[in-house]
Amino acid sequence: HETEILQSNLLEWKEHLFVYKFALEEINTKLKILNEEYQYIHNHNPIEHMKSRIKSPASIAKKLQRKGLEITVGNAIEQIHDIAGVRITCSFISDIYTMFDAICRQDDIEVIRVKDYIKKPKANGYKSLHLIVKIPVFLSNDVKKVKVEIQIRTIAMDFWASLEHKIYYKFEKEIPEELQLELKKAADAAHFLDEKMKKIRDDVDLFKLEEMKI
Ligand code: 0O2
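Identification of the protein chain as GTP pyrophosphokinase family protein from Niallia oryzisoli is taken from an unreviewed UniProt entry. Of the protein chain, the UniProt comment under Pathway (unreviewed entry) reads exactly: "Purine metabolism; ppGpp biosynthesis; ppGpp from GTP: step 1/2."

Here you go:
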């Protein structure tokens, strides 16, 4: 059913969705600049790697259906906030907030929503910082403010979320309680790793400082 709806309006969908690609390019450039500047000043790059994607019309239609909304371009633009998505993977938790602050300080970016699943993880253990931002895209006769979802997480959080996404996320049925518990334990283990690596980095910094004194 959803494919039929999409097929009949595919041209209209394409016309409205092409600006999201430009918005992603704008955001990617900004993030690359921030990362390189940070590397230059602090000799440390907060971004480990970055990935961006445009949601396909079929996935947008599925998400609209999941939300109980009619499959229209208007609803997609208004109600689906992650048509354009960037995932930033950072080395340390502090890098996540460094990037967050830097993004908030950019005059042409309007942060319209923040969901901090690091301070308040989801019940299954999911952690990530989610932002919805609006960024202007300058076209020949128009300026379009385009929504982009930015997910920022550490390598350990990404490891957990990527595998959990493959195994369980969007699982139609209820996950058995004992498996939910195991999943939560795995998330705790990922968090332990984040804390451990932070401690090791702090110790190395201290060590270097001591060496400089000698
Ligand atoms: P996909 O396939 O990754 O794109 P909203 O309409 O924005 O208010 P939404 O979309 O649920 O509601 O917002 P939220 O909570 O910010 O989550 C958006 C995205 O975060 C999801 O997109 C996932 O990518 C990711 N996410 C959220 N919760 C989980 C989770 O429990 N596990 C994993 N692995 N990822 C999660 P999509 O479109 O649902 O999925």
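1. Section: the overall build of the protein chain
Regarding its fold elements, the protein chain presents seven helices and five strands. Listing every helix and strand of the protein chain by position from the N terminus yields α-α-β-α-α-β-α-β-β-β-α-α. Across its three principal directions, the C-alpha atoms of the protein chain cover 75 × 50 × 20 Å. Counting the 214 residues in the protein chain, one finds 23% classified as buried. When contacts within the protein chain are restricted to residue pairs at least 6 apart in sequence, long-range pairs at least 24 apart make up 65% of them.

2. Notes on helix α3 (residues 57-66)
All buried positions along α3 are accounted for by P57, I60 and A61. Within α3, the buried residues cover an arc of 100° as seen down the axis, which keeps them to one side. In α3, the exposed positions that point more than 90 degrees away from the buried face belong to A58 and R66.

3. Some details on the site of the ligand
Taken together, twelve residues are adjacent to the ligand, and H81, Y126, H130, A161 and H165 come closest. For the shell around the ligand, the class distribution of residues is three nonpolar, four polar and five charged.

4. As for the packing of helix α6 (residues 155-167) against helix α7 (residues 177-213)
Axis separation between α6 and α7 bottoms out at 8 Å; the angle between their running directions is 160°. As summarised for this structure, α6 and α7 are arranged roughly antiparallel, according to the angle between their axes. At the point where α6 passes α7, the crossing takes the right-handed sense. In this structure, α6 contributes A156, M157, F159, W160 and E164 to the contact, and α7 contributes L183, A186, A187, A190, L193 and D194.

5. As for the sheet that holds strand β4 (residues 129-138)
In sheet architecture, strand pairing relies on hydrogen bonds along the backbone and comes in two forms, parallel and antiparallel. Strand order in the open sheet formed by five strands is β1-β2-β5-β4-β3, and the pairing between neighbours is mixed. Edge positions in the open sheet fall to β1 (47-54) and β3 (110-116), since each of these has one partner strand only. Each strand axis lies, on average, 20° off the axis of its neighbour in the sheet, ignoring direction. Alignment of β3 against β4, held across six bridges, turns out to be antiparallel. Considered in β4, the bridge of V114 is made with L131.

6. Points about unusual backbone geometry
Despite not being glycine, N43 has its phi angle at roughly 60°, a positive value. Mapped onto the fold, N43 is located in the loop between α2 (10-42) and β1.

Criteria and cut-off values
- Residues numbered from 1 in each chain as written.
- Predicted model: local features only at pLDDT ≥ 70, side-chain atom pairs only at ≥ 80, totals over all residues.
- UniProt positions renumbered as here; feature names shortened; annotations may be inferred.
- Helix = DSSP H or I, 4+ residues; strand = E, 2+ residues; numbered from the N terminus.
- Buried ≥ 20, exposed ≤ 12 C-beta atoms within 10 Å, placed from the backbone.
- Contact = placed C-beta atoms within 7 Å.
- Arc of directions from axis to C-beta.
- Near = placed C-beta within 6 Å.
- Nonpolar A, V, L, I, M, F, W, Y, C, P; charged D, E, K, R; others polar.
- Axes fitted to C-alpha atoms, helices over the stretch in contact; angles between N-to-C directions.
- Parallel < 35°, antiparallel > 145°, perpendicular 65-115°, else oblique.
- Left-handed = near helix turned anticlockwise from the far one by under 90°.
- Pairing = 2+ DSSP bridges.

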